[in-house]
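Per-entry structural report
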Amino acid sequence: MIPARFAPILFGFLLSGMMSFLVSGLSTLRALGMGSNFAQAWMGNWAISWATAFPVVLGGGPHHPPYRGAVGDQGLAFRTSSQTGSELRWSGH
């Protein structure tokens, strides 16, 4: 079992890996078709996509301090100003 402090990193690693795998596969298929070099091109594109997606997910995920607590039971809370205390709320309904 891994320590809990590494959970966001592991989640970002797995999420970015799966999403980049699917998106790079679909875009490679649309660009090249199902030719003889499809798998090789897909794996090359996936490596580049994952190397890009992983830091983006880690840097912008909900576990990142500026966004912590933004998603809750009431939905998303967009704070417009910390001085006035006004908030725009979207409940997701």
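Because the structure is predicted, anything quoted here is derived from the model rather than measured. (Residues numbered from 1 in each chain as written. Predicted model: local features only at pLDDT ≥ 70, side-chain atom pairs only at ≥ 80, totals over all residues. Heavy atoms only, no water.)

The secondary structure content of the protein chain amounts to 2 helices and 3 strands. When the elements of the protein chain are put in sequence order from the N terminus, they spell out α-α-β-β-β. Burial status across the protein chain gives 14% buried among its 93 residues. Of the contacts made within the protein chain by residues no fewer than 6 positions apart, 35% connect residues no fewer than 24 positions apart. Of the accessible surface of the protein chain, which amounts to about 7200 Å², a share of 68% is contributed by carbon and sulfur atoms. (Helix = DSSP H or I, 4+ residues; strand = E, 2+ residues; numbered from the N terminus. Buried < 20%, exposed > 50% of the residue type's maximum accessible area, 1.4 Å probe, protein only. Contact = heavy atoms within 4.5 Å. Areas by Shrake-Rupley, 256 points an atom, 1.4 Å probe, with all protein chains shown as cover.)

Another point: a nonpolar patch on the surface. Together, Ile-2, Phe-6, Ile-9, Leu-10, Phe-13, Leu-14 and Met-18 line one region of the surface with nonpolar side chains, adding up to about 630 Å² of accessible area. Examined against the element boundaries, Ile-2 turns out to sit in the segment before α1 (7-32). (Patch = residues over 30% accessible without salt bridge, like charges linked within 9 Å, V, L, I, M, F, W, Y side chains within 5 Å. Salt bridge = Lys/Arg side-chain N within 4 Å of Asp/Glu carboxyl O.)

Our next topic: the packing of aromatic side chains. Summed over the entire model, instances satisfying the criterion amount to 6 aromatic pairs. Centre to centre, the rings of Phe-13 and Trp-50 are 4.9 Å apart; their planes meet at 40°, and the pair counts as tilted. A residue pair is termed long-range when its members are at least 10 positions apart, and Phe-13 in helix α1 and Trp-50 in helix α2 (residues 38-60) qualify at 37 residues. Taken together, Phe-13, Phe-21, Phe-38, Trp-42, Trp-46, Trp-50 and Phe-54 form an aromatic cluster joined through their ring pairs. (Phe/Tyr/Trp six-rings, centres within 6.5 Å; stacked < 30°, edge-to-face > 60°.)

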